[in-house]
Structure formats: C-alpha cells, structure tokens
Amino acid sequence: MAFKIGLLGLGTVGAGTAEILLSPDGRHPLLQELEIYRVGVRDISRTRSLQLPENVLTTDLEAIATDPEIDIVVELIGGLEPARSLILQAIASGKHVVTANKAVIARYGNEIFEAANKKGVYVMLEAAVGGGIPVIQSLKQSLVANRIKSVTGIVNGTTNYILTRMQTEGADFAEVLADAQQLGYAEADPTADVDGLDAADKIAILASLAFGGRIKLADVHCEGIRKVSAADIDYADKLGFAIKLLAIARETSRYNGKQAEAESELLSIRVHPTFVPKTHPLASVNGVYNAILVEGEPIGQLMLYGRGAGAGPTASAVVSDIMNVAAILKTETVPIPHPLLSCSHQHYCKIAPMQELVTRFYARFLTRDTPGVIGKLGTCFGNHKVSLESVVQTGIHGDLAEIVVVTHDVREGNFQQALDEIRAMEAVDSIASTLRVL
Ligand SMILES: NC(=O)c1ccc[n+]([C@@H]2O[C@H](COP(=O)([O-])OP(=O)(O)OC[C@H]3O[C@@H](n4cnc5c(N)ncnc54)[C@H](OP(=O)(O)O)[C@@H]3O)[C@@H](O)[C@H]2O)c1
Ligand SMILES: N[C@@H](CCO)C(=O)O
Ligand code: NA
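Calculation rules
- Residues numbered from 1 in each chain as written.
- Chains lettered and ligands numbered in written order.
- Predicted model: local features only at pLDDT ≥ 70, side-chain atom pairs only at ≥ 80, totals over all residues.
- Heavy atoms only, no water.
- UniProt positions renumbered as here; feature names shortened; annotations may be inferred.
- Helix = DSSP H or I, 4+ residues; strand = E, 2+ residues; numbered from the N terminus.
- Buried < 20%, exposed > 50% of the residue type's maximum accessible area, 1.4 Å probe, protein only.
- Contact = heavy atoms within 4.5 Å.
- Donors = N, O, S within 2.8 Å, 3.2 Å for Na, K, Ca; no water.
- Arc of directions from axis to C-beta.
- Phe/Tyr/Trp six-rings, centres within 6.5 Å; stacked < 30°, edge-to-face > 60°.
- Lys NZ or Arg CZ within 6 Å of the ring centre and 35° of its normal.

- Per an unreviewed UniProt entry, the protein chain carries the name Homoserine dehydrogenase and comes from Phormidium nigroviride PCC 7112.
- What UniProt records for the protein chain under Sequence similarities (unreviewed entry) is the sentence "Belongs to the homoserine dehydrogenase family."
- Quoted verbatim from the Cofactor (unreviewed entry) heading of the UniProt record, the comment on the protein chain is "a metal cation".

Take a look at the structure:
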C-alpha cells in the first residue's frame, strides 16, 4: 500500500525532503511505501537539481491541498499566506498535514488544531522548532510524565551562526548574514531571524507544549541581535561569557510578592541576546547548532542538541513526521485523535510582565572622565535596590570613560528605573548597551 504525499514547496527544505523520499535504501522500510504524488512550486520553469517523477510539478497548490488521492500534505512554502489557507484546505479535505512553518503555527495554531481535531486528522510540526532535533516529540511524548519548570534554548540557527562567527573571527555582521542565507539557514526575509521573531515563534510553540496552554505571541518579549556590538562581544569574552540569542520559557516564582499566585500560574517567556557563562552547556553550542535545555520534575535537566537549520537536518524531521502519520494510517482504518500527538489546549497561559523578571544584567556606560562617576552610578543603583557584582572602568574613548557593570539578580523594573536616572546624569554621555545575564 502506498501513501500519497503532496509536497507544497521545493526550496531548501522541500528539496531535502524529496531527496530522502526518493532514496529509501538503507532507511526504515516504511519509507518505501511513501510516494511523491504532486509537488507545488511558484515557478515551474526553474532548473532544479532533483530528478522528480514525471508530471508531478505544478503551480496549482490548491489542487494539491484538495486532491482526493493525496493522504498527507506537506507544507514547506513558508510565510503566512497562502500557507495558512492551504493547511486549512488540506485539513478540510481530510488530509493529514506536516509543516515546518513555525510562523503559521505560532499565529494560527489554535485555528489549525481546532480544525484538525474536528476533522480527525493530524498536524505534525517537528521541523518547525530546532530543525532536526526531536524536541516536539520529546515534549509531546518522551517527557510527558514531567512537570516542566523551564525550557531554555538556542533555537535560531542563523543568529547562532552569525554570533559564533562574530565571536570567533571578529567577522562582519552583514557578511556573515549573507553566508547564512547562502547556506539555506535564513528565512526568506532574514529580519525574522535577526530580530528574534523566528525564535519568538518557536519558544511560543515549545512553551505551549511544555506548559499545556495556548500562548499569545504578543505576550512573548522579543529582542534580536542587531544591538550586539563587537565591544560587547569582547567584554563578554573577558568577563567569562559567550553571547547567545536565548529563547526562554519558565515558571516564574516572584510576582508582586504574591508568591502563591506566581508559583503555579505565571510564565515568563522571552527572547533576547544573553550573556551565558562559558561554563554553561548552552555557551558551547556554536554555528548552526541549536540546543534546548529542559528542566522538569522529576527528570531534572536534559539537553537536546543538533543542527537547527539547513536542508538535510530539517528534512529529517519532516520525513519522520510523514512516517509517523503513515504508521498510524497503516494500523488504524479510521484514525482516532491520539491523546499525545494531537493538540487540544483551550486555556491561555498567564504571562508575567517583564518588569517582574528577576535576572542579572550587564551594562556598558560612556561617561565624562570626572572623579566620582563610579560612585554616582553605584549610589543610584543602590537606591533602586540593584546590587552590583562587579564594576570595571575599562578604558578611555576620546574624552569619555567606559564603565562596565554586572549586577546580581535584580528585579528588571528596578534596574530600568535606575537606568532612567543614570541616563539623565550630567556625567553620563550614554548607556552604550544593556544585556541580560543568565
Ligand atoms: N531553511 C531551513 O533551514 C528551515 C529549517 C526549519 C524550518 N524551515 C521552514 O520551512 C519552510 C520552507 O523554508 P525553505 O527555507 O525551504 O524556503 P525556500 O527555500 O524559500 O522554499 C520555498 C518553496 O516554496 C515555494 N513557494 C513559496 N511561496 C509560494 C507560493 N505562494 N506559491 C507556490 N509556491 C511557493 C517556492 O517555489 P519556487 O521553488 O518556485 O520558488 C519554493 O519551492 C519555512 O516555513 C521555514 O520557516 C526552514
Ligand atoms: N531560519 C531558521 C530556520 C530553522 O527554523 C533558523 O535560522 O533557525
Ligand atoms: Na525539531
């Protein structure tokens, strides 16, 4: 029995997926039962390196989504529309869907999963987060016995590749971004990578699975890597840190002093460049590699590590999803929504405001080189209950002195209030940068 696959998209991930489907030798025998039946693209005249069976290419993607012959529709075109409508059409036509599209799932997951549950079909998304890393399946199935406390990840390959090369070679941002695009890591519009939006989509998906509720994307605090300068990379290194774009979802234990409310209900979900101590396992995750550190009870800490982007690793996840659906179709005549594979969250998770976050900070100030400046900064921080772990005057730039501080754990709101006062000080020229410290 062959299962007919309709592929929407034959770009980086689509071509990688077709390549696996067309070379089943040495892989699981179920792969031989999968047939590429139709492939939808935008431009049919483009030269493609893949040898596809005759007459499968088409520009009519709707015809694929609704074709009664097709069992599984694989959406790999990216973007919001027409991807969302095609996924919904495929579901309405009774097809199972596999997608790598985190942007669509993070925004329209509720609509898509509701439609899928009503129709009794699966929507699988392993490739959407962490590329080839089996993080979705781990959270849905392998770790399902745990109470998850936190999920902390490097989940964007493009920015990790850029930061790594800036750190190791002093490479130029624009040049490395062009390389990441060339290697097929970046989104069609790479601002989604660079500005942290892709990582925000991914942590919203992971948080929903880990904490069992819906997440509003607007509640995810998001900062990208544009503000990370060569000077910050240099200071991080000297102070014993690597800078990583982290995506973090964790239960928060302090909120307005109302401990009881906080402990069980509030989550902190955020994406921002972070000083990570070099001794931390996430600090040595470099290049296109991603890693997701999960903390659960009773499992404790567990880290998943692998390639987070690129044709092969991502296709590995896509084809595994296809095969998991095929396996269900093979064993059940009428698939019953699997309690672990389907998604049926109804309530929204409550997200704590960023001012209530408790974290360490790094800050770099440019000040007039006058006596007593460090004392003034220290007093101001002290007045706002911000305790300093280290203060270093690192050098002189023209007539300005550069002062770098690292704080102990502080309430973010207090730190920001102190910064507002410091910014207004006569002796302070500018706050060159602030970054959170893990
Ligand atoms: N690249 C990665 O490493 C990676 C990793 C994980 C997840 N993803 C996700 O995978 C998805 C695909 O990414 P990709 O990097 O493979 O993208 P891509 O290389 O830009 O490929 C997109 C494909 O979709 C087709 N397409 C796009 N819009 C279309 C439209 N309106 N009508 C018909 N065809 C259309 C394109 O057709 P033509 O070939 O004719 O241009 C192309 O074949 C995205 O959701 C992305 O976020 C990517
Ligand atoms: N653009 C994404 C692709 C993988 O989702 C990244 O760089 O991580
Ligand atoms: Na994955």
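## Considerations on the UniProt feature "binding site: NADPH" (unreviewed entry) in the protein chain
Inference 1: Within this structure's numbering, the places UniProt gives as "binding site: NADPH" (unreviewed entry) are Lys-102.
Inference 2: Positionally, Lys-102 belongs in helix α4 (residues 102-119).
Inference 3: We classify Lys-102 as buried; its relative accessible area is 11%.
Inference 4: Not counting chain neighbours up to four residues away, the residues in contact with Lys-102 comprise Ala-128, Glu-187, Asp-198, Asp-201, Lys-202 and Ile-205.

## Here we look at the coordination of the sodium ion (ligand 3)
Inference 1: Ligation of the sodium ion (ligand 3) by protein atoms is provided by Glu-126 (O), Glu-126 (OE), Val-129 (O), Gly-131 (O) and Ile-133 (O), these donors lying 2.3 to 2.6 Å from the ion.
Inference 2: On the primary sequence, the residues serving as donors to the sodium ion (ligand 3) are separated as E-x2-V-x1-G-x1-I.

## Quick notes on helix α13 (residues 373-383)
Inference 1: Residues of α13 that are buried include every one of Val-373, Leu-377, Cys-380 and Phe-381, and no others. Projected down its long axis, α13 carries its buried residues within an arc of 100°, all on one side.
Inference 2: As for α13, its buried residues are in contact with β14 (358-368), β15 (388-397), β16 (400-407), α14 (412-423) and β18 (428-437).

## Topic: helix α3 (residues 83-92)
Inference 1: Looking at α3, one finds that the buried residues are Ala-83, Leu-86, Ile-87, Leu-88, Ala-90 and Ile-91.
Inference 2: Tucked inside the fold, the buried residues of α3 contact β1 (3-8), α2 (61-66), β4 (72-75), β5 (96-99), α4 and β6 (123-124).
Inference 3: The first or second residue beyond α3 is Gly-94, which carries a positive phi of 80°.

## Quick look at the packing of aromatic side chains
Inference 1: Across all of its chains, the model carries seven aromatic pairs by this definition.
Inference 2: The positively charged end of Arg-38 is found above the aromatic ring belonging to Tyr-37, 5.0 Å away from the centroid.
Inference 3: Note that Lys-216 overlies the ring of Tyr-348, its terminal NZ or CZ placed 4.8 Å from the centroid.

## Describing the UniProt feature "binding site: NADP(+)" (unreviewed entry) in the protein chain
Inference 1: The UniProt record annotates "binding site: NADP(+)" (unreviewed entry) at Leu-8, Gly-9, Leu-10, Gly-11, Thr-12, Val-13, Gly-14 and Ala-15.
Inference 2: By the element assignment, Thr-12 lies in helix α1 (residues 12-21).
Inference 3: Following the sequence through the fold, Ala-15 ends up in helix α1.
Inference 4: Those residues in contact with Ala-15 that lie beyond four places of it in its chain are Leu-10 and Leu-50.

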